[in-house]
Amino acid sequence: MESTKEIIQSLIDCAVNDIISLIAKDLKELNFSDIVRTTQKTVNNLGVSLIEQIVKIIDQNYNNQRDKHSIILRHTKTRKMVSGMGELNLTRRLYFNKVSGKYFFAVDELLNMEKYSRIESELKTKLINDATLTSYGKASKLSNGCVSRQTVHNLVKGVEPKKLEVQAKGLKAVEQIYIEADEDHIHLNNGKSAEVKLVYVHEGRQRVHRGRTALMGVHYFVSVSNGNEIWDCVTDYLYAQYDTRNAEIHLSGDGANWIKQGLIAIPKAQYHLDKFHVYKSVTDATAGDRRLRNQIINSIKLGDSKSVQSLYMQRWGGIGTARARNRLYDSLQYIENNFDSIDLTAESNCSAEGHVSHVLSARLSSRPMAWSLAGAEKMAQLRAFYFNGGEFSELYQGRVKSEQEVLNAYNVHAIRADYNVDHSIPSGRIVGLNAVYDDVGRFLRYIVKK
């Protein structure tokens, strides 16, 4: 019988021979793209073969060392699993533990392999990471066609929200805390539309390169819900991450009601209207009249609300269409309703519009696409997780034991304890259980009769 070293060496030798045969071709026939493609294929095939052999070796070692009186070998089964290198055919032995009454595959337990999964955990991580940045279809192609677009969609859908929470690192003393908020508008697959809310907390801005600035300690929160649950998440993070006793908290946004709800959740916060929306509103209202626009902006900077109203009225007299008058009226109402919150100084900045575009719109609304509410919520959460520096590799860390695993593994003793299965229960004839008369069969009949 070949040793482990000899088996692995023979696989490597075959791969090396494939590469050598490629190099041995006539120089005129060589093509760099062919070399890259053939080498990649050879390496992938070698990886698949090595993994399959390693699993066999581990299984054989366990079989040689097991207690043959209490661990009984039942039969051998092949498990197909897709990996980044290709499809794996893993041959494993099924054992029965007489003490615990449990059937198990030793290799699955020893290697912490996720139960019933057809896709290897590392590939799952890569597919979810890719789907967060691009479409489901493109993510499936990036996996060399190993999985379909629908499979990628199902993987994203199956990510547990709890795993996407990036925890606060402990109380931090800072002088200024900034909270900025805005929303993205998406299309739903039922023909309606919805808002995806974005709130992010940071400690200020710093210059990084050629006049560009970056946010310090930024953390993102998202929600598709119509309620104010997002503010619960923000406040939980805020008070877990920062010592807020001596810090000034600034909340900025476009004046939407859901954003102002943050003042209820965080009473200490000072509200500032986003400068971008102030300038946009005034520019739309003045319709190209730069002189009037500058006059209104200067009056706002001086805090002269009466002058602002007077300037708007001057514009009103020169408008002939109802549409233009409505636009002017809406702009005046917007400025007046938020006048006390407007700060156009250089120190007051809000980049929420840009962050919505970068964090949400780039994946959710920049191209024609329609979402379900659940799908939009999950994708928004994944985007926030990505930009919060979350590790996708932590989403799938192998086998996760659930409360039902004992039942799934046919743990007869646990079944008896939990359900008080009595051997006196008659063994009735049930479709699908005709030939099953062991303790598991009795338990299933008991459940059906209940």
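Residues numbered from 1 in each chain as written. Predicted model: local features only at pLDDT ≥ 70, side-chain atom pairs only at ≥ 80, totals over all residues. Heavy atoms only, no water.

Colleague: How should the overall build of the chain be read in this particular structure?
Modeller: Assigned secondary structure in the chain consists of 18 helices and twelve strands. For the chain, with 450 residues in total, the buried portion stands at 40%. Contacts in the chain between residues far apart in sequence, at least 24 positions, make up 60% of those at least 6 positions apart. Of the roughly 26000 Å² of accessible surface on the chain, 51% is carried by carbon and sulfur atoms. (Helix = DSSP H or I, 4+ residues; strand = E, 2+ residues; numbered from the N terminus. Buried < 20%, exposed > 50% of the residue type's maximum accessible area, 1.4 Å probe, protein only. Contact = heavy atoms within 4.5 Å. Areas by Shrake-Rupley, 256 points an atom, 1.4 Å probe, with all protein chains shown as cover.)

Colleague: Hey, could you run me through the packing of helix α11 (residues 290–302) against helix α12 (residues 305–317) in this one?
Modeller: Geometry of a packed helix pair, given as the angle between the helix axes and the separation of the axes. The N-to-C vectors of α11 and α12 enclose an angle of 160°; their axes lie 9 Å apart at closest approach. Compared by their axis directions, α11 and α12 come out roughly antiparallel. Regarding α11 and α12, the two cross each other, and that crossing is left-handed. On α12, the residues touching Leu292, Gln295, Ile296, Ser299 and Ile300 of α11 are Ser307, Val308, Leu311, Tyr312 and Arg315. (Axes fitted to C-alpha atoms, helices over the stretch in contact; angles between N-to-C directions. Parallel < 35°, antiparallel > 145°, perpendicular 65-115°, else oblique. Left-handed = near helix turned anticlockwise from the far one by under 90°.)

Colleague: Looking at this structure, I do not really get the layout of surface pockets. What am I missing?
Modeller: A water-sized probe, rolled over the atoms, reveals where empty space remains. Considered as a void within the structure, the largest pocket measures approximately 550 Å³ in volume. Lining the largest pocket we find 23 residues, and of these Leu164, Glu165, Val166, Phe221 and Cys233 sit closest to its centre. Broken down by secondary-structure element, the contributors of at least two residues to the lining of the largest pocket are β9 (219–223), α7 (229–241) and α15 (373–387). Element by element, the count of residues in the lining of the largest pocket is highest for α7, at seven residues. Each residue belonging to the lining of the largest pocket can be placed in one class, and the counts come to 13 nonpolar, five polar and five charged. (1 Å grid on protein atoms, 1.4 Å probe; cavity = no way out; pocket = protein on both sides within 12 Å on 5 of 7 lines; lining within 4 Å. Points joined across faces, edges and corners; volume = space filled by probe spheres on them. Nonpolar A, V, L, I, M, F, W, Y, C, P; charged D, E, K, R; others polar.)

Colleague: Teacher, can you tell me more about the sheet that holds strand β2 (residues 86–97) here?
Modeller: Paired through their backbone hydrogen bonds, the strands of a sheet run either parallel or antiparallel. Taken together, the three strands give an open sheet; going across it, the order is β1-β2-β3, and neighbouring strands pair in antiparallel fashion. If you trace the sheet from one side to the other, it starts and ends with β1 (71–83) and β3 (102–105), each paired once. Averaged over all neighbouring strand pairs, the angle between strand axes comes to 25°, with direction disregarded. By the bridge criterion, four bridges tie β2 to β3 in an arrangement that is antiparallel. In the sheet register, Phe96 faces β3, and the bridge partner there is Tyr103. In the packing of helix α2 (residues 32–65) onto the sheet, the strands contacted are β1, β2 and β3, and the crossing angle to β2 comes to about 10°. (Pairing = 2+ DSSP bridges.)

Colleague: Sorry if this is basic, but what is going on with the sheet that holds β9 here?
Modeller: Taken together, the five strands give an open sheet; going across it, the order is β9-β6-β5-β11-β12, and neighbouring strands pair in mixed fashion. Of all the strands in the sheet, the pair left with one neighbour each is β9 and β12 (270–273). Between one strand axis and the next, the sheet turns through 25° on average, direction left out of account. For strand β11 (residues 248–253) and β12, the ladder comprises four bridges, and the chain directions are parallel. Within β12, the position partnered with Leu251 by the bridge is Tyr271. Contacting β5 (176–187), β6 (193–202) and β9, helix α14 (residues 352–364) runs over the sheet at an angle of about 40° to β5.

Colleague: Can you help me understand the pattern of salt bridges in this one?
Modeller: Any two side chains of opposite charge can pair, so long as their charged atoms come close to each other. Across all of its chains, the model carries ten salt bridges by this definition. Residue Lys172 pairs with Glu203 through a salt bridge whose shortest N-O separation is 3.1 Å. Within this pair, whereas Lys172 is found in strand β4 (residues 172–173), its partner Glu203 is found in the loop between β6 and β7 (205–209), the two being separated by 31 residues in sequence. The exposure class assigned to Glu203 is buried, which follows from its relative accessible area of 16%. The residue Arg245 makes a salt bridge to Asp243 at a minimum N-O spacing of 2.8 Å. Residue Arg245 is classed as exposed on the basis of its relative accessible area of 67%. (Salt bridge = Lys/Arg side-chain N within 4 Å of Asp/Glu carboxyl O.)

Colleague: Just to check I follow, could you spell out a nonpolar patch on the surface for this structure?
Modeller: Taken together, the side chains of Leu30, Phe32, Ile35 and Val36 define a hydrophobic patch exposed on the protein surface, amounting to about 360 Å² of accessible area. Inspection of the secondary structure assignment puts Val36 in helix α2. Taking relative accessible area as the criterion, Val36 reaches 44% and is therefore assigned partly exposed. (Patch = residues over 30% accessible without salt bridge, like charges linked within 9 Å, V, L, I, M, F, W, Y side chains within 5 Å.)

Colleague: I tried to follow the packing of α12 against helix α13 (residues 322–337) on my own but got confused; where do I start?
Modeller: Running from N to C, α12 and α13 point in directions that differ by 175°, and their axes come no closer than 10 Å. Taken together, α12 and α13 sit at an angle that is classed as roughly antiparallel. Contact residues: α12 offers Val308, Gln309, Tyr312, Met313, Arg315 and Trp316, while α13 offers Arg325, Leu328, Tyr329, Ser331, Leu332, Ile335 and Glu336. Tallied by class, residues from the contact of α12 with α13 come to eight nonpolar, two polar and three charged.

Colleague: It is not clear to me how the packing of aromatic side chains should be interpreted in this structure. Could you clarify?
Modeller: Any aromatic ring pair is given by two values, namely how distant the centres are and how the planes are angled relative to each other. Tallying each qualifying case throughout the model produces 13 aromatic pairs. For the ring pair Tyr200 and Tyr220, a centre distance of 5.7 Å and an interplane angle of 45° mean the geometry is tilted. Of this pair, Tyr200 sits in strand β6 while Tyr220 sits in strand β9; the two residues are 20 residues apart in sequence, bridging distant segments of the chain. Each member of the aromatic cluster is reached from another via a ring pair, and the members are Tyr200, Tyr220, Phe385, Tyr386, Phe387 and Phe392. (Phe/Tyr/Trp six-rings, centres within 6.5 Å; stacked < 30°, edge-to-face > 60°.)

Colleague: What is the right way to read α12 from this model?
Modeller: Residues three or four positions apart in an α-helix share a direction because the helix packs 3.6 residues into each turn. Along its 13 residues, α12 runs 19 Å from first to last C-alpha, staying within 8% of the 18 Å computed at 1.5 Å per residue. Buried within α12 we find Val308, Leu311 and Tyr312. Buried residues in α12, looked at end-on, bunch into an arc of 100°, giving them a common side. Turned more than 90 degrees away from the buried face of α12 sit Lys306, Gln314 and Gly317, all of them exposed. Elements in contact with the buried residues of α12: α10 (275–286), α11 and α13. For α12, the capping residue at the N-terminal end is Asp304, with a side-chain oxygen 3.4 Å from the backbone nitrogen of Lys306. (Expected span 1.5 Å × (residues − 1). Arc of directions from axis to C-beta. Polar contact = N/O pair within 3.5 Å; in protein donor to acceptor, adjacent residues only side chain to side chain.)

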